[in-house]
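Residue-level structure breakdown
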Amino acid sequence: MKSTTVRRVTLSVAVVTALTGVAACGSQSGKGDKTVGKSVTHVSPLAALLSAEKSTDKAESAKVRSSTTLGDTMSMTANGALAWGDGLKGNLTITYTGGKMAEAMRKAGTTSMEARYLPDAYYAKMSEKFAAQFGGKHWIKYAYDDLAKLGGGSGAYLKDQMQNTTPNQSVKLLLASGDVKKVGQEKVSGVDATHYSGTVDVADLAGKNSNLTADQLAGLKKQLSQAGVTTETIDIWVDGQDLLVKKVEKADMATGTMTSTAYYSDYGVKVAAEAPPAADTKDFTELMKAGGPGTVSGSSSTTTAS
């Protein structure tokens, strides 16, 4: 595998795997409670959503299955379980089903991989073809502190999301937006659920609900603008136990429409995730250096896909 291909796949896997976890759990909203308090008198389904946000947060883990598409760049599915009681932790099997990323992964020897999420980093298990190129090592480690150095403000935002995201953040986003409506009662995987929908300003909420500095936020907003991201539509479904059972997020981008759909079940499931053996792990910063100087084409636009 050529070094340029290695670097492209390595960086793409970094961003896409991270975003898959974020998409499965929901967008980060660390200060959402304060914003919620300000909108109590203006949003009619507020009480139900507040209850759903608290119940989902307290459950601390769930099984997740999701699908994500981004124009012709990629389409993928993810299945596994995630816990969020003490930082994001869990395991997902990610399968690339189409787009440029699927083709890049085929060249790397596989279209499916295992992703392990830990509070300070996540790990992607690559193919035997990849391992043969790098001393028999199958796993790539992506420390969130290193990811923060990628893509300016969007890299810092990605780190912020990965360390603070939970499924109930989608509910918080709707509450914080002030634009939410009750759609009605529907069935989700055979379960009765209430459907809510709303539209959020991506850059505005990034500013309100993250720990970014002014410079990082300015950089993120510039990148969001260049990527064509302005607003995002969020739909959620809440069951009779006040638990989130489905989430759909849609946003128009310069590279195409981004759609992410996630289903949640088995709340409270036991989740165990450990770092792979060090002897079988390669740090992604080493892979980037090994590929030589320069910037991977499209890295900025891919990173801002969050």
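Bear in mind the structure is a predicted one, so any value in this text is a computation, not a measurement.

Parameters at a glance
Residues numbered from 1 in each chain as written. Predicted model: local features only at pLDDT ≥ 70, side-chain atom pairs only at ≥ 80, totals over all residues. Heavy atoms only, no water. Helix = DSSP H or I, 4+ residues; strand = E, 2+ residues; numbered from the N terminus. Contact = heavy atoms within 4.5 Å. Buried < 20%, exposed > 50% of the residue type's maximum accessible area, 1.4 Å probe, protein only. Pairing = 2+ DSSP bridges. Axes fitted to C-alpha atoms, helices over the stretch in contact; angles between N-to-C directions.

Along the chain, glycine 71 turns up in the loop between strand 1 (61-70) and strand 2 (74-83). In this structure, the C-alpha to C-alpha distance between glycine 71 and threonine 257, residues 186 residues apart in sequence, is 5.2 Å. For glycine 71, the contacting residues outside a window of four places in its chain are Thr255, Gly256 and Thr257.

Across the nine residues that make up helix 8 (residues 169-177), a large majority, eight, are buried. Among the residues of helix 8, Gln169, Ser170, Val171, Lys172, Leu173, Leu174, Leu175 and Ala176 are the ones counted as buried. Once helix 8 ends, the next one or two residues include glycine 178, with phi positive near 75°.

Taking strand neighbours across the sheet as the criterion, the twelve strands line up as 7-8-9-10-11-1-2-3-4-5-6-12 in an open arrangement whose pairing is mixed. A strand with exactly one partner marks an edge of an open sheet, and here the two such strands are strand 7 (180-188) and strand 12 (281-283). Pairs of neighbouring strands in the sheet enclose a mean axial angle of 20°, with direction left out of account. When strand 2 meets strand 3 (residues 89-98), the two strands line up antiparallel, connected through nine bridges. By the bridge assignment, threonine 77 is partnered in strand 3 with threonine 95.

Here we come to unusual backbone geometry. At glutamate 60, a residue that is not glycine, the phi angle is positive and equals roughly 70°. Its location among the elements puts glutamate 60 in the loop between helix 3 (46-59) and strand 1. Classification of glutamate 60 as partly exposed rests on a relative accessible area of 42%. Look at aspartate 242: it is not a glycine, yet its phi comes out positive at around 60°. Secondary-structure assignment places aspartate 242 in the loop between strand 9 (231-239) and strand 10 (244-253). Under the relative-accessibility criterion, aspartate 242 is labelled partly exposed at 27%.

Of all nine residues making up strand 9, seven are buried, and the element is well covered by its neighbours. Note that strand 8 (residues 191-201) and strand 9 share nine bridges and pair antiparallel. Residue pairing across strands places histidine 195 opposite tryptophan 237, the latter belonging to strand 9. Here seven bridges tie strand 9 to strand 10, and the two strands are oriented antiparallel to one another. Bridge pairing in strand 10 links isoleucine 234 to glutamate 249. Counted along the chain from strand 9 to the antiparallel partner strand 10, the turn is four residues long, and its residue aspartate 242 has a positive phi close to 60°.

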